[in-house]
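Structural overview
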Amino acid sequence: MAENPERTYEFGSFRLEVLRQRLFAWDEPVPLAPKAFELLLVLVRSQARLVKKDDLMRTLWPDTVVEESNLTQNIFQVRKALGENAHDHRFIVTVPGQGYRFVAEVRQPEGPGRQESAVFGRLATPVAVVPFQVLGGAPGDEHLGLALADAVITRLSGLRGITMRPTGSVMRYATGVSDPLAAGRELGADTLVHGAVLRVGQGLRITVQIVNLPAAAVMWAGTIDQPSANLFAAQDALCEQIVRALMVRLTGEERSRFTRKYTGNLEAYQAYLRGRHFWEKRSPGGYQKAIECFERATLHDPRYALAQAGLADCYNLLACYSLMPPGEAWPRALAAAERAVAIDDRLPEAHSSLALARMGYEWNWKAAEEECLRALDLDPDYATARNYLAEWYTARGRYDESVQEIHRAQGLEPLSLILNRDVGAQLYYARRYDEAIEHLRDSLELSPDFALTHSTLAWALERKGLYEEAIKHVRAAIALVGPTSQFLGELGHSYAMAGDRVRTQKVWAEMESMATAGYVSPYHFALVCLGKGDHQRALGWLEKACEIHVWQVIYFPAEPKLDPVRSSPRFQALLRRAGLAQANSARAPFSSR
């Protein structure tokens, strides 16, 4: 059946009209050459599927022999029209040596009655809110600007037609932003909300602007005078004003969520914001400080579900990164997540926290999936839930879906260091090593001081036989956060694969010494044994890892380093124990690599 020539496609703030052969942003035409328009239309219609270069060239130039540079030039023109550069993957992802994927969510509204949630009738997605500038701040006002931004983000998240950049993605601007428009573009937003707050007498004056970033035009501006300095009242007034400006029509359920208060205790709220700031650092010290903040928040308000979910997130990741024995971390994570859900079943953060504990601690794959989907049902734009769903797909051997889901998560938070790293990790588990290396090298340009990106890049470099470069990156990770169990195990594996017995033994001795004073994961001892080719001892350590439910068990079907023991009956028994035997079958063709 031929496609309706009047078909319209929408993605982000863009509209692609087939009949008129035009691209629009916020109802404003965007210049695009005919061939570039055809290229964009092919990619949009692909709906996240890989479109190979040869197929694109045959489609665009059916009767002409052209060089690949023609295609590259048109890709450049399309990216420029969409406000995207080669390292920005909001819309188009390059698959090295193969082709391209269009990864943004595509909508196909039909007819004049289509529903819009819009600024003056124009689609308002995605939206970034940067911390408000605090003018003449008094002691205690340090988090006032972030608190106002957080309120807008939290209230508007999950509303129809609006994709909000989450609070975690704007934490980097918490101490001030000199150029709000540049910050909004860095966040990959089409709409920016920014402003300033000033104490006036006993009250607060808040100025706010809503900016159309593609057009660099102020679409609405206003001032809110709050007679008291009550932060929660100021947040209510600000959010109501912004919703009116966005012309969002709230359903009864949305109005209920919009006016919901997570806590009425200012000390609890401020402690929670600080906790999320430290949690985003993804470092051993950061987790410990975050736990202190979340615990302080729960002391001030025991029914603060967000703080309970924050505690669960911390203990989950202490287990995931082998920073605490699983037998200590997992039960605490599970208990905090269950408390959060019991307090507020409508909280996506609580359900995603519970999903990770169900996955890593209980190996309850059905319940873990249900919790992820419940979180996304509550907020389809909650990137952490999409991240955890990608992990679930990998554990189940569904690698293409995992890569697609992690790209969606990263598209929601383009500046997130952990999500950029996790894109590389899922590409690695999918055995797409060249793509992983390219992506992770780009991620290091975003932040060269993020240890997990260095270590994950080393995984993929190892698979390509680039051992010395892999060693360099693991050592860089250790230099940034110290010799953790994870990084020492990976370093020992790289040394062993490179044939450096002396340095391998030195790392092993350091791990043994660390184990006498604290926790070293048996999984990371197994990695060193695998690198040395000592498969029987490796299996022994893997069995111990399975006994205590280390997080890496979920990757047993996927991890390339385990290929040498994949066919062993002892390893197969571990997979059955964890409910992963079926997922492992997806790796059978790779077992000899």
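Details of the structure are given in the entry above.
Right, let's walk through the structure included here. (Residues numbered from 1 in each chain as written. Predicted model: local features only at pLDDT ≥ 70, side-chain atom pairs only at ≥ 80, totals over all residues. Heavy atoms only, no water.)

1. Some details on the packing of helix H21 (residues 485-497) against helix H23 (residues 522-532)
- Contact geometry for H21 and H23: axes closest at 7 Å, N-to-C directions at 5°. By the angle between their axes, H21 is roughly parallel relative to H23. On the side of H21, the interface is formed by Ser485, Gln486, Gly489, Glu490, Gly492, His493, Ala496 and Met497, while H23 contributes His524, Leu527, Val528, Leu530, Gly531 and Lys532. (Axes fitted to C-alpha atoms, helices over the stretch in contact; angles between N-to-C directions. Helix = DSSP H or I, 4+ residues; strand = E, 2+ residues; numbered from the N terminus. Parallel < 35°, antiparallel > 145°, perpendicular 65-115°, else oblique. Contact = heavy atoms within 4.5 Å.)

2. A few points about a positive patch on the surface
- On the surface, a cluster of positive charge is contributed by Arg274, Lys281, Lys289 and Arg296.
- In this structure, lysine 281 sits in the loop between helix H9 (266-279) and helix H10 (284-300).
- By relative accessible area, lysine 281 is classed as partly exposed at 41%. (Patch = residues over 30% accessible without salt bridge, like charges linked within 9 Å, V, L, I, M, F, W, Y side chains within 5 Å. Areas by Shrake-Rupley, 256 points an atom, 1.4 Å probe, with all protein chains shown as cover. Salt bridge = Lys/Arg side-chain N within 4 Å of Asp/Glu carboxyl O. Lys, Arg positive; Asp, Glu negative; His and termini not counted. Charge placed at Lys NZ, Arg CZ, Asp CG, Glu CD. Buried < 20%, exposed > 50% of the residue type's maximum accessible area, 1.4 Å probe, protein only.)

3. Some remarks on empty space enclosed by the protein
- This structure, assessed with the given rule, holds three cavities of 30 Å³ or more.
- Contributing to the lining of the largest cavity are 39 residues, with Thr154, Pro166, Thr167, Glu349 and Tyr382 lying nearest its centre.
- Looking at the lining of the largest cavity, the elements with two or more residues in it are helix H4 (144-156), helix H5 (167-170), helix H8 (252-258), H9, helix H11 (305-320), helix H13 (348-362), helix H15 (383-395) and helix H17 (417-429).
- By residue class, the composition of the lining of the largest cavity is 18 nonpolar, eight polar and 13 charged.
- Its volume calculated, the second largest cavity comes out at about 320 Å³.
- Forming the boundary of the second largest cavity are 25 residues, of which Cys320, Tyr321, Arg421, Trp551 and Tyr555 lie nearest the centre.
- For the lining of the second largest cavity, the elements supplying multiple residues, two or more each, are H11, H15, H17, H21 and H23.
- Here the lining of the second largest cavity gets six residues from one element, more than from any other, and that element is H17.
- Counted by class, the lining of the second largest cavity contains 13 nonpolar, five polar and seven charged residues. (1 Å grid on protein atoms, 1.4 Å probe; cavity = no way out; pocket = protein on both sides within 12 Å on 5 of 7 lines; lining within 4 Å. Points joined across faces, edges and corners; volume = space filled by probe spheres on them. Nonpolar A, V, L, I, M, F, W, Y, C, P; charged D, E, K, R; others polar.)

4. Concerning unusual backbone geometry
- Even without glycine at this site, arginine 431 takes up a positive phi of about 65°.
- If you check the backbone angles, histidine 549 has positive phi at about 60° while not being a glycine.

5. Thoughts on the pairing of strand E1 (residues 8-11)
- Residues Thr8 and Glu10 point to one face of E1 and Tyr9 and Phe11 to the other, with burial holding for every one of them.
- Here E1 runs beside strand E2 (residues 14-17); their pairing, made up of four bridges, is antiparallel. Bridging from a neighbouring strand, glutamate 10 pairs with arginine 15 of E2.
- Hairpin connection from E1 to E2: two residues lie between these consecutive antiparallel strands, with glycine 12 at a positive phi of about 55°. (Pairing = 2+ DSSP bridges.)

6. Topic: helix H2 (residues 53-60)
- If you check which residues of H2 are buried, you get Lys53, Leu56, Met57 and Leu60. Down the axis of H2, the buried set is contained in an arc of 95°. They therefore lie on one face. Exposed residues on H2 whose side chains face more than 90 degrees from its buried face are Asp54 and Arg58. (Arc of directions from axis to C-beta.)

7. Quick look at the packing of aromatic side chains
- Enumeration according to the criterion identifies 23 aromatic pairs in this entry.
- Residues tryptophan 392 and tyrosine 393 carry aromatic rings whose centres are separated by 5.6 Å and whose planes lie at 70° to one another, so their mutual orientation is edge-to-face. This pair shows no difference in class: tryptophan 392 is buried, exactly as tyrosine 393 is.
- Site record: aromatic cluster; members linked through ring pairs are Trp330, Tyr361, Tyr428, Tyr429, Tyr433, Trp459, Trp551 and Tyr555.
- Its end group placed over the ring of phenylalanine 24, arginine 15 keeps NZ or CZ at 4.6 Å from the ring centre.
- Sitting over the ring of tryptophan 279, arginine 276 keeps its end group 4.9 Å from the ring centre. (Phe/Tyr/Trp six-rings, centres within 6.5 Å; stacked < 30°, edge-to-face > 60°. Lys NZ or Arg CZ within 6 Å of the ring centre and 35° of its normal.)

8. Notes on the sheet that holds strand E6 (residues 92-95)
- Ordered by their spatial adjacency, three strands build an open sheet running E5-E7-E6, and the pairing between neighbours is antiparallel. The two strands at the open ends of the sheet, each matched to only one other strand, are strand E5 (51-52) and E6.
- Sheet topology places E6 next to strand E7 (residues 99-102); four bridges connect them, and they run antiparallel. Bridge pairing in E7 links isoleucine 92 to phenylalanine 102.

9. Let's talk about the pairing of strand E14 (residues 217-226)
- Taken together, the nine bridges between strand E13 (residues 203-212) and E14 define a ladder with antiparallel strand orientation. Looking across to E14, one finds that glutamine 209 is bridged to alanine 221.
- In this antiparallel pair of consecutive strands, E13 and E14, the connection spans four residues, and alanine 216 shows a positive phi of 50°.

10. A look at the sheet that holds strand E3 (residues 22-25)
- Here four strands make up an open sheet; going across it, the order is E1-E2-E3-E4 and the pairing antiparallel. Two strands bound the open sheet, and with one partner strand each, they are E1 and strand E4 (28-30). With direction set aside, neighbouring strand axes in the sheet form an average angle of 30°.
- The pairing of E3 with E4 spans three bridges and is classified as antiparallel. Counted as the bridge partner of leucine 23 is valine 30 from E4.

11. Topic: the state of the cysteines
- Enumeration according to the criterion identifies zero disulfides in this entry.
- Sulfur of cysteine 293: no disulfide; nearest cysteine sulfur belongs to cysteine 314 and is 9.0 Å away.
- Here cysteine 529 stays free of any disulfide, with the sulfur of cysteine 546 as its closest cysteine sulfur at 17 Å.
- Assessed through its relative accessible area of 1%, cysteine 529 is described here as buried. (Disulfide = S-S within 2.5 Å.)

What is shown is where atoms sit, not what they do.
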